[in-house]
Amino acid sequence: MKKVVIALLLEGWLIAGPWQTHTELSYIQTSGNTDTSSFGVDFHAQKRWASHEVALDFESNYAESEGKETKNVWLLETHYYYHFSKHLEIEYLIGYKQDKFSGFEYQFYMGPGLGWQVVQTSKQDLSLNLLLLYSIDSYTTDKKDIYPSGRAGIEYTYHITPMLSFVEEANWRSDLSHPSNWFLYSKSSFYNTIDGKLKLGVSYKVDYKNEPPRGKKKMDRTLMVSLVVDW
């Protein structure tokens with residue numbers, strides 16, 4: 001199954017036809033009593049041919065305060081979809097995350113699932129998915145947990161006006177053998193069209209770990225004001 005998915009991902013990447021991309025870039029620098037700087041990028045690309053679709057998601061956030069690194073996290077996910085119909089699809093997900101200050105060396109997960117397009121109108125879109133994953137959590141203490149996990153996700157878009165839209169993306173992943181070990185990610189965004197494919201975006205991210213490594217906080221929050229390009 002893994003080899004088939006990789007072959008389909010490569011086919012989707014190389015096959016003729018346009019990619020649709022969404023890029024968000026943010027940079028904030030302050031000086032005075034405290035010198036701080038932060039940089040963030042969110043990138044999404046997707047391509048569909050016949051009943052197949054591949055997608056790539058990349059997120060990165062970096063911050064410094066008084067010349068010292070205070071945040072360094074990045075996430076990469078690849079998706080393969082096979083659309084049975086307008087509303088139903090199967091999905092295969094491969095994800096990898098590094099967060100330098102979280103206590104994890106890395107987190108890796110992969111596995112299949114189902115997606116359902118619940119609502120699709122000119123005003124709003126709502127989709128749900130449910131996946132069964134093979135997960136690895138590698139800690140900076142050399143500890144490593146390998147376990148089956150389930151992940152439930154939601155994507156919702158509401159077009160408030162022709163120029164302004166709201167987007168919510170969230171997923172919850174839980175260790176099936178140890179249910180109190182779970183992770184929640186949420187990104188709530190408003191996008192305002194400036195001109196054509198150019199937008200201004202404001203996003204609020206929440207990254208929650210119910211059982212973080214010892215000495216680490218459960219929740220990380222990120223506010224991004226971004227220049228957005230859709231192509």
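Data block above holds the structure.
Everything numeric in this text was worked out from a predicted model, so none of it was measured.

Participant: Summarise the overall build of the protein chain; cite the residues concerned and give the values.
Facilitator: For the protein chain, the count of helices and strands is one helix and 12 strands. Across the protein chain, helices and strands are ordered from the amino to the carboxyl terminus as α-β-β-β-β-β-β-β-β-β-β-β-β. For 231 residues, the compact-globule estimate of 2.2 N^0.38 gives 17 Å, and the C-alpha radius of gyration of the protein chain, at 19 Å, lies within 12% of that figure. Once the C-alpha set of the protein chain is aligned to its principal axes, its extents read approximately 55 × 50 × 30 Å. When each of the 231 residues of the protein chain is scored for burial, the buried share is 42%. Intrachain contacts of the protein chain at a sequence separation of at least 6 include 47% that bridge at least 24 residues. Carbon and sulfur atoms make up 61% of the accessible area of the protein chain, which totals about 13,200 Å².

Participant: Tell me about the pattern of salt bridges, and name the residues and values.
Facilitator: Across all of its chains, the model carries 10 salt bridges by this definition. Of the charged contacts in the structure, one is a salt bridge between K205 and D42, with a shortest N-O distance of 2.9 Å. Taken together, the residues K205 in strand β11 (residues 198–209) and D42 in strand β2 (residues 36–49) connect sequence positions 163 residues apart. Given a relative accessible area of 4%, D42 falls into the buried group. A salt bridge links D230 to K199, with the shortest nitrogen-to-oxygen separation between them at 3.0 Å. Residue D230 is found in strand β12 (residues 219–230), and its partner K199 is found in strand β11; the two are separated by 31 residues along the sequence. Here D230 matches K199 in class, with each residue buried.

Participant: Let's hear about the packing of aromatic side chains: which residues, and what values?
Facilitator: In this structure the tally under the stated criterion is nine aromatic pairs. Residues Y96 and Y106 carry aromatic rings whose centres are separated by 5.6 Å and whose planes lie at 15° to one another, so their mutual orientation is stacked. One end of the pair, Y96, is in strand β5 (residues 88–99); the other, Y106, is in strand β6 (residues 104–120), with 10 residues separating them in the sequence. Put simply, the rings of F58, W74, Y96 and Y106 touch in pairs and so form one group of aromatic residues. Against the face of Y139 rests K143, its NZ or CZ located 5.1 Å from the ring centre. Between the NZ or CZ atom of K197 and the centre of the ring of W231, over which it lies, the distance is 5.5 Å.

Participant: Talk me through unusual backbone geometry; I want residue IDs and the actual numbers.
Facilitator: At A50, a position not held by glycine, the phi torsion is positive, near 55°. The residue A50 is located in the loop between β2 and β3 (52–65) in this model. The phi dihedral of D142 falls on the positive side, at around 75°, and the residue is not glycine. You can see D142 is positioned in the loop between β7 (124–139) and β8 (144–159). Judged by its relative accessible area of 71%, D142 is exposed.

The rules behind these values
Residues numbered from 1 in each chain as written. Predicted model: local features only at pLDDT ≥ 70, side-chain atom pairs only at ≥ 80, totals over all residues. Heavy atoms only, no water. Helix = DSSP H or I, 4+ residues; strand = E, 2+ residues; numbered from the N terminus. Rg over C-alpha atoms; globule rule 2.2 N^0.38 Å. Buried < 20%, exposed > 50% of the residue type's maximum accessible area, 1.4 Å probe, protein only. Contact = heavy atoms within 4.5 Å. Areas by Shrake-Rupley, 256 points an atom, 1.4 Å probe, with all protein chains shown as cover. Salt bridge = Lys/Arg side-chain N within 4 Å of Asp/Glu carboxyl O. Phe/Tyr/Trp six-rings, centres within 6.5 Å; stacked < 30°, edge-to-face > 60°. Lys NZ or Arg CZ within 6 Å of the ring centre and 35° of its normal.

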